[in-house]
Amino acid sequence: QVQLVESGGGLVQPGGSLRLSCEASGSIFLIVSRGWYRQAPGKERELVAFISNGGYPNYADSVKGRFTISKDNAKNTAYLQMNSLELEETVVYCCNAVARAADYWGQGIQVTVSS
């Protein structure tokens, strides 16, 4: 089992930045990839970015050049640095970890982009 806890969400103005954090606990040695998803009300969950162990990060086209995924293995934490945020990116963000072909999810964290 893997447990994930997100932090760092909140209110930001359009064009602003936020950094989300996702700390993992439990069977972290089984994790093969970390990722971030987001979901707007009434819409399907959307992959934002992911990074596998020893691999390169991958991004949705809509966030390339603005968002950066990273991880600190010593802290068991993955990050999502979000720059140049747009109004329509006011959604719930959720971190993900894949371990033994199973998906684990955080509880979700709200990001609100508003002036």
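Let me begin by describing the structure that accompanies this report. (Residues numbered from 1 in each chain as written. Predicted model: local features only at pLDDT ≥ 70, side-chain atom pairs only at ≥ 80, totals over all residues. Heavy atoms only, no water.)

1. As for the overall build of the protein
What counts, and what does not: Here a strand is any run of E in DSSP of at least two residues, a helix any run of H or I of at least four, and the numbering for each starts at the N terminus. Accessibility here uses a 1.4 Å probe with only protein chains present; expressed as a share of the type maximum, an area under 20% marks a residue as buried, one over 50% as exposed, and anything in between as partly exposed. By definition in these notes, contact holds between two residues if any of their heavy atoms fall within 4.5 Å. Method for areas: the Shrake-Rupley scheme with a 1.4 Å probe, in which residue coverage is limited to the protein chains shown. Residues scored as charged are limited to Lys and Arg (positive) and Asp and Glu (negative), so that His and the chain ends carry no count. Here the site of a charge means atom NZ of a Lys, CZ of an Arg, CG of an Asp or CD of a Glu.
Scanning the protein for helices and strands turns up zero helices and 11 strands. Going residue by residue from the N terminus, the α and β elements of the protein occur as β-β-β-β-β-β-β-β-β-β-β. Considering only C-alpha atoms, the protein reaches an extent of 40 × 25 × 25 Å along its principal axes. In the protein, buried positions account for 41% of the 115 residues. The long-range fraction of contacts in the protein, counting pairs at least 24 apart against all pairs at least 6 apart in sequence, stands at 51%. When the accessible surface of the protein is summed, it comes to about 6200 Å², and 49% of that surface belongs to carbon and sulfur atoms. The averaged location of the 10 negative side-chain charges in the protein is 5 Å from the averaged location of its 10 positive side-chain charges.

2. Here we look at the packing of aromatic side chains
The following threshold applies: Two rings from Phe, Tyr or Trp (for Trp, the six-membered ring) form a pair when their centres are within 6.5 Å of each other. A pair whose planes differ by under 30 degrees is stacked, one over 60 is edge-to-face, and the rest are tilted. Working rule: Lys NZ or Arg CZ, within 6 Å of ring centre, within 35 degrees of ring normal, means a charge sits over the ring.
Summed over the entire model, instances satisfying the criterion amount to one aromatic pair. When the ring centre of Tyr37 is taken as reference, the NZ or CZ atom of Arg45 above it lies at 6.0 Å. Between the NZ or CZ atom of Arg45 and the centre of the ring of Trp105, over which it lies, the distance is 3.8 Å.

3. Some thoughts on the sheet that holds strand S3 (residues 18-26)
Test applied: Note on pairing: DSSP must find at least two bridges between two strands before they are called paired. Each axis is a line fitted through C-alpha atoms, and for a helix only the stretch in contact is used; angles between axes span 0 to 180 degrees, taken between their N-to-C directions.
Strand order in the open sheet formed by four strands is S1-S3-S8-S7, with antiparallel pairing between adjacent strands. With one partner strand each, in any of the chains shown, strand S1 (2-7) and strand S7 (67-72) form the two edges of the open sheet. With strand direction ignored, the average angle separating the axes of adjacent strands in the sheet is 20°. Relative to strand S8 (residues 77-82), S7 runs antiparallel, the two sharing six bridges. Note that in S8 the partner of Asp72 across the bridge is Thr77.

4. Topic: the side chain of Asn96
Here is the rule: Two N or O atoms count as a polar contact when they lie within 3.5 Å, although within protein this holds only if one can serve as hydrogen donor and the other as acceptor, and sequence-adjacent residues are included solely when both atoms are side-chain atoms.
Among the secondary structure elements, Asn96 is positioned in strand S9 (residues 91-99). Under the relative-accessibility criterion, Asn96 is labelled buried at 3%. Side-chain polar atoms of Asn96 contact the backbone oxygen of Tyr104, separated by 3.4 Å. If we ignore the near neighbours within four places in the chain, the residues touching Asn96 are Leu4, Ser33, Arg34, Gly35, Tyr37, Asp103, Tyr104 and Trp105.

5. Thoughts on unusual backbone geometry
We note that Ser84 has phi near 50°; this positive angle belongs to a residue other than glycine. Relative to the elements of secondary structure, Ser84 occurs in the loop between S8 and S9. Although it is not a glycine, Arg100 adopts a positive phi angle of roughly 50°. Along the chain, Arg100 falls in the loop between S9 and strand S10 (102-105). Since its relative accessible area comes to 68%, Arg100 is described here as exposed.

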